Amino acid sequence: MKRSSRGGRTATSFLVAATLVHTFIIGMQTTEIGHLPLVGTTGALSVFVWLSSIAYLYTETTSNERSMGVFIAPLLVALQIIPTISRYEVAVRPPVLESPWFVLHISSLLFAYASFSVACVIGITYMLLFKELKAKHVGFFYNRLPSLQILDVMNMRAITIGWLFLTIGVIVGGVWALQAQAEFDDPRVQAMSVLDPKIFIALLCWVVYSFELYARRSVGWTGWRTAKFSIIGFAIVLLNFLPVGYFLTRTHNF
Amino acid sequence: MSQLFLLGINHHTAPVSLRERLDFSKRDLSETLAALSTRPACSEAVVLSTCNRVELYVRCDNPSHARAELTNFLSDFHGVDPAALTPHLYGLASNEAAQHLFRVAAGLDSLVVGEPQILGQVKEAYTTASELGCTGSLLNKLFHCSFAAGKRVRSETELGEGAVSVSYAAVALARKIFGSLTEHDVLLVGAGEMSELTAVHLRAQQVRRIVVTNRTAAHADALAGKIGGEALPWSEIQQVLATTDVVVSATGSPEPIITRSQVEAVMRARRNRPLFIMDIAVPRDVEASAGTIEQVFLYNIDDLQAIVSENLARRSAQIKQAEVIVAEEVSGFMTWLRSRRAVPTVVALRQRFEMIRQAELKRLEPKLASLAPGDRARVEDVTRLIVEKLLSTPTERLKELSNAETVHMYGRALNQLFDLDSSPVLRERPDDQAVAPPTSSVQKTPVTS
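Residues numbered from 1 in each chain as written. Chains lettered and ligands numbered in written order. Predicted model: local features only at pLDDT ≥ 70, side-chain atom pairs only at ≥ 80, totals over all residues. Heavy atoms only, no water.

Visitor: Explain the overall build of chain A to me, using residue names and the numbers behind them.
Guide: For chain A, the count of helices and strands is nine helices and zero strands. For chain A, the sequential pattern of α-helices and β-strands runs α-α-α-α-α-α-α-α-α. Summarising the internal contacts of chain A: among those between residues at least 6 apart in sequence, 79% fall at separations of at least 24. As displayed, chain A offers around 12400 Å² of accessible surface, 70% of which is attributable to carbon and sulfur atoms. (Helix = DSSP H or I, 4+ residues; strand = E, 2+ residues; numbered from the N terminus. Contact = heavy atoms within 4.5 Å. Areas by Shrake-Rupley, 256 points an atom, 1.4 Å probe, with all protein chains shown as cover.)

Visitor: Tell me what's going on with the overall build of chain B, and back it up with residues and numbers.
Guide: Of the regular secondary structure elements, chain B holds 18 helices and 10 strands. For chain B, long-range pairs separated by at least 24 residues make up 73% of all intrachain contacts whose partners lie at least 6 apart in sequence. A total of about 20900 Å² of accessible surface is found on chain B, and carbon and sulfur atoms cover 55% of it.

Visitor: Requested: an account of the interface of chain B and chain A, with residues and values cited.
Guide: Where interface size is given, it is often the accessible area lost as the parts come together that is meant. At the interface, 27 residues of chain B touch 24 residues of chain A. Interface area, chain B with chain A, both sides summed: about 2100 Å², of which 47% is carbon and sulfur. Summed over the shared surface of chain B and chain A, the number is one salt bridge. Put simply, D303(B) and K136(A) hold a salt bridge, and the shortest N to O gap is 3.2 Å. Across the contact surface, chain B and chain A share 14 residue pairs in polar contact (both at pLDDT 80 or more). Every element with two or more residues in the side of chain B that touches chain A is listed here: α7 (137-156), α8 (166-178), β10 (296-300) and α13 (301-341) of chain B. (Buried area = accessible area lost by both parts, 1.4 Å probe. Salt bridge = Lys/Arg side-chain N within 4 Å of Asp/Glu carboxyl O. Polar contact = N/O pair within 3.5 Å; in protein donor to acceptor, adjacent residues only side chain to side chain.)

Visitor: Can you explain α8(B)? Please cite residues and give values.
Guide: Since there are 3.6 residues in each turn of an α-helix, residues three or four apart along the chain are aligned in direction. Residues and elements named next belong to chain B. If you check α8, its first and last C-alpha atoms are 18 Å apart, about what 13 residues at 1.5 Å a residue would give, namely 18 Å. Burial analysis of α8 places 10 of its 13 residues in the buried class, which makes it a mostly covered element. Every buried residue belonging to α8 is among V166, S167, A169, A170, V171, L173, A174, K176, I177 and F178, and all of these are buried. Looking one or two places after α8, you find G179, whose phi comes out positive at around 70°. (Expected span 1.5 Å × (residues − 1). Buried < 20%, exposed > 50% of the residue type's maximum accessible area, 1.4 Å probe, protein only.)

Visitor: Lay out the sheet that holds β10(B) in plain terms, naming residues and giving numbers.
Guide: All names here are of chain B. With parallel pairing, the six strands of this open sheet are ordered in space as β7-β6-β5-β8-β9-β10. Across the chains shown, the open sheet's two edge strands, defined by having one partner strand only, are β7 (230-232) and β10. Adjacent strand axes in the sheet meet at a mean angle of 20° when their direction is disregarded. With five bridges connecting them, strand β5 (residues 185-189) and strand β6 (residues 209-213) associate as parallel partners. Residue L187 lies in a different strand from β6, and its bridge partner there is V211. Relative to strand β9 (residues 275-279), α8 is tilted by about 170°, and along the sheet it contacts β8 (246-249), β9 and β10. (Pairing = 2+ DSSP bridges. Axes fitted to C-alpha atoms, helices over the stretch in contact; angles between N-to-C directions.)

Visitor: Can you explain the sheet that holds strand β3 (residues 53-60) of chain B? Please cite residues and give values.
Guide: Residues and elements named next belong to chain B. Pairing is antiparallel across the open sheet formed by four strands, whose spatial order is β2-β3-β1-β4. Either end of the sheet is taken by a strand with one partner, and the two such strands are β2 (42-50) and β4 (90-93). Strand-to-strand twist in this sheet, taken as the mean axis angle between neighbours without regard to direction, amounts to 15°. The pairing of strand β1 (residues 3-10) with β3 spans eight bridges and is antiparallel. Each residue of the ladder has a partner; that of Q3, found in β3, is C60. The sheet strands contacting helix α6 (residues 117-131) are β2 and β3, and the helix crosses β2 at an angle near 145°.

Right under this line is the structure:
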């Protein structure tokens, strides 16, 4: 990375600046409504992008490995376009969401998804490097990426952390939904079940990532397959955010 | 006028048979330097002696005298006929000598362009000379600039990047797959020269275990002993394949030794952990189809060679950029060198002005005596400041002069105008202050470091 180390530093500075601005905006929204702007898909998406960029900056500064930025930055920019152009009103949470469970549920899940997005990016780079090594035509990725072994370890770490938070988020969500159904008559709450697309896909994610961890530990899956699964898993996460969050769900759309 | 001179011989100008006769081993380097610095033609000296070059860097008064004297020195010291030596020697003075050293330090003059050892060797040569008190301000500055040039080329270009030998390329690939190799075993199939070379590189990566196997067990034993590995019977290849992660195969066998089905069979036992096989034998030892197994990375000699030539091509593409850096550093050094020429005049001028200031203060002493101590100090400050201001532009201009002639002329004019001859500096100038206006003579003093 010698040739572009100055460019890399500049890019990092831009990302840091952007994240700070984003922090400021989220901070403003928080003071405006009295809690994190997690209500509504758009607000949650914005927080998700914010968390991802923090997670990425953390891995970059600790590993001094800038090569992933090429992949993750465009993804974040693309996702952030939605909150940017939709000019959404920061939603104040309805009474049903006024619960300590709310912040725990949403922030666990968002953090899990942020971890999965990092894992996905690492998975992509793993596959690119693997292909290059297999094709015996080493060059671009060979010169820029760390070893397959390190990418694999990073990928597994991100998946494990993500899975942990996903589990917490899902359990908290389940417990909280049962409580809420007893308390509120809101039809959206009453209709909440495993068949709700958003809940269903979250559970599907949990199954996919649990299987990935199990296969890795007990079946002896290779780094290649783990990498592939990290990408598939994150595709499902994105599916939950975008089409499902905006168009499909009827009950879970707060 | 003292200047920089270099006399040398390297792999471009002389065959190894001559170079090896001129080699200064580390042991007799101090003797060499001591002998060199007693020679009248040179006052500072650094000897750079590596397997590809012998170069003497000196500070001298006259390059052609220095050349003759250093040639004699080399032929005397090593007992080589000067006539046989002269055609292979190159003598460079001033900026050309600086440029040569900077290119050497940057790895541009090496046999394998960009190789990393040379900068360390240059540093060592300099440290040895400087510890023996054989360097002075000129060579100190020169070598420090050369380190800077070498470092800049390394950090700002990719001149030293990428493996440029087959065995090193193999090691680099293994590291790209497994990261650190300390937890991995290596299997060498065949006990030839190529296996040995690769094993030495792998050993340097601190691999956990090296296992050697060969059809002739005695050869395996011999190589295992040499590289600190274990010898294993030929029949056990299959078992070892299950536990080892890096395989280097280099036998003279006409038939494949490791087949696809063999590799397929061990992959289950390996729980699909990656297996890196380097087949550097011709004809090949490993069935090419084994490379299609998912977790098997199979590289043959051509694949490795292709990586090496690609790296070499990339290095040569960086040469231009490296040369630009070297040129920048040379010009920085030359600027410093030129500014040094004017130093004696500047010092003399300053002393002259200070003398006048002191004399005037003394003359006015009766009038100043009545002032309060604070006011007195202010008078002191104001007069000093005026002198500083008056001198600052002339000082800068003098240091900027690039032409030795002009420095000379200015020096003479200033001498005349300010009567600098009566100033003490120009009479007892230290040796380091280089060129002087013509009215004073350069005196030679022993080397200071």
